[in-house]
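# Residue-level structure breakdown
Below are the chains, spelled out letter by letter.
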Amino acid sequence: MIYLDYQATTPLAPEAREAMLPWLGGPDTTGFANPHSPHRPGRAAAAAVAVARDEVAALLPPGGQVIFTGSATEALNLAIFGSGAKRLAVSAIEHAAVLDTARAVDPGVTILPVNGDGVLDGETPIRGVDLVAVMQVNNEIGTVQPIAELAQAARRAGALFVCDAVQGAGKLAAPADADMIALSAHKLYGPKGIGALWLRDGLSLAPLIHGGGQEHGLRSGTLSPALCAGFGVAARLARERMDADAAHVRALWQAARSRLSRWTLNGSADARWHGNLNLRLDGLDVGRLMSDVRDVAFSAGSACASGSGRPSHVLTAIGLNADQAKSSIRLGFGRYTELQKLEDACARIEAATAAQGV
Ligand code: PLP
């Protein structure tokens, strides 16, 4: 199997896995201790959580605190609901974790458009709202947004700015000037089941989850030291390898792009994370392609999270019609993708599309 779905999730880095093992514990160890317990094993677990928190914080701007959550979806819900904002604006290409949460708070949410390249204008007018949410890197087409300009415009308009940095964290420099930033461990070679919200110092939120008062009272519930330790090591590796990882995916992207040169690229070629290649070919039957190339794990570019069969709102927002959206695929690759395997996968995809006569 050749795994080309790095936007859905990434492999767990071996170093992160190694760091998690002692904290999974077992009857003959104390690594399972509750990090909120005051005894020695509890304090050791708390220390592991503290180290992990510092590693995650090092990926983010100074002047804020990291609140661990169960996922980025939870972090975004905490940011949006917890802020108390009533009038919202979000980009047209946000993930459902932002779009649906924003609609739940403000059914009349303002949708900020993107251009045909899948990029927002940094000068998009922002007024009459309390909170703006724009993602750093889009999960479907990989485009990178002008976050600093938009965050500054939101501030001038008296609105909070939330950035979903799930696809950018650990890959690009942290988004500048945001008030809150959400990230997820499993998109940066860490474990599933843990995310984080970075909250600028001086801001306060109302909790969504009440209970034992963990995470400064903002997210009650016992933390998993194993998940935190895995997240921390993954964050440190991402920081250390940021340039090497970026150079690797750029080389992979160029190789795949030239192998699939007759396909049309969805989204900007430049303002993007190059670990994402979303392509379309007129007349392609993506379902058939996926079944013919079963030993390559990739995604249908048109897939809607709910599996409703509706064309992707992201591809629609960049101006594709339903047929174009439904003839798109997404190849996602990263740190552990080998060039030879990617080229192999591209060759199989090309052969299968040729067999379709498209
Ligand atoms: N935001 C973006 C851009 C994503 O790609 C995803 C996951 O696909 C999420 C949010 C949700 O992340 P999580 O799986 O941690 O809830």
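Residues numbered from 1 in each chain as written. Predicted model: local features only at pLDDT ≥ 70, side-chain atom pairs only at ≥ 80, totals over all residues. Heavy atoms only, no water.

The chain appears in an unreviewed UniProt entry as Cysteine desulfurase from Novosphingobium chloroacetimidivorans. Quoted verbatim from the Sequence similarities (unreviewed entry) heading of the UniProt record, the comment on the chain is "Belongs to the class-V pyridoxal-phosphate-dependent aminotransferase family. NifS/IscS subfamily." The UniProt entry for the chain carries this comment under Catalytic activity (unreviewed entry): "(sulfur carrier)-H + L-cysteine = (sulfur carrier)-SH + L-alanine". (UniProt positions renumbered as here; feature names shortened; annotations may be inferred.)

We now examine the side chain of Asp164. On the secondary structure map, Asp164 appears in strand β6 (residues 160-164). Despite its burial, Asp164 pairs with no opposite charge, the nearest such side chain being Lys187 at 8.7 Å. Of note is the side chain of Asp164, whose polar atom sits 3.0 Å from the backbone nitrogen of Val166. Leave out the neighbours within four places in its chain, and Asp164 touches Leu76, Glu94, His95, Val98, Val134, Met135, Gln136 and Ala182. (Helix = DSSP H or I, 4+ residues; strand = E, 2+ residues; numbered from the N terminus. Buried < 20%, exposed > 50% of the residue type's maximum accessible area, 1.4 Å probe, protein only. Lys, Arg positive; Asp, Glu negative; His and termini not counted. Salt bridge = Lys/Arg side-chain N within 4 Å of Asp/Glu carboxyl O. Polar contact = N/O pair within 3.5 Å; in protein donor to acceptor, adjacent residues only side chain to side chain. Contact = heavy atoms within 4.5 Å.)

We now examine the domain arrangement of the chain. Segmenting the chain into domains produces domain 1 (2-8 + 241-355) and domain 2 (14-240). Spacing between the C-alpha centres of domain 1 and domain 2 amounts to 26 Å. Contacts between the two partners involve 25 residues from domain 1, matched on the other side by 33 residues from domain 2. Both faces combined, the contact of domain 1 with domain 2 buries some 2,400 Å², and carbon together with sulfur accounts for 55% of it. (Domains from an automatic or database assignment. Buried area = accessible area lost by both parts, 1.4 Å probe.)

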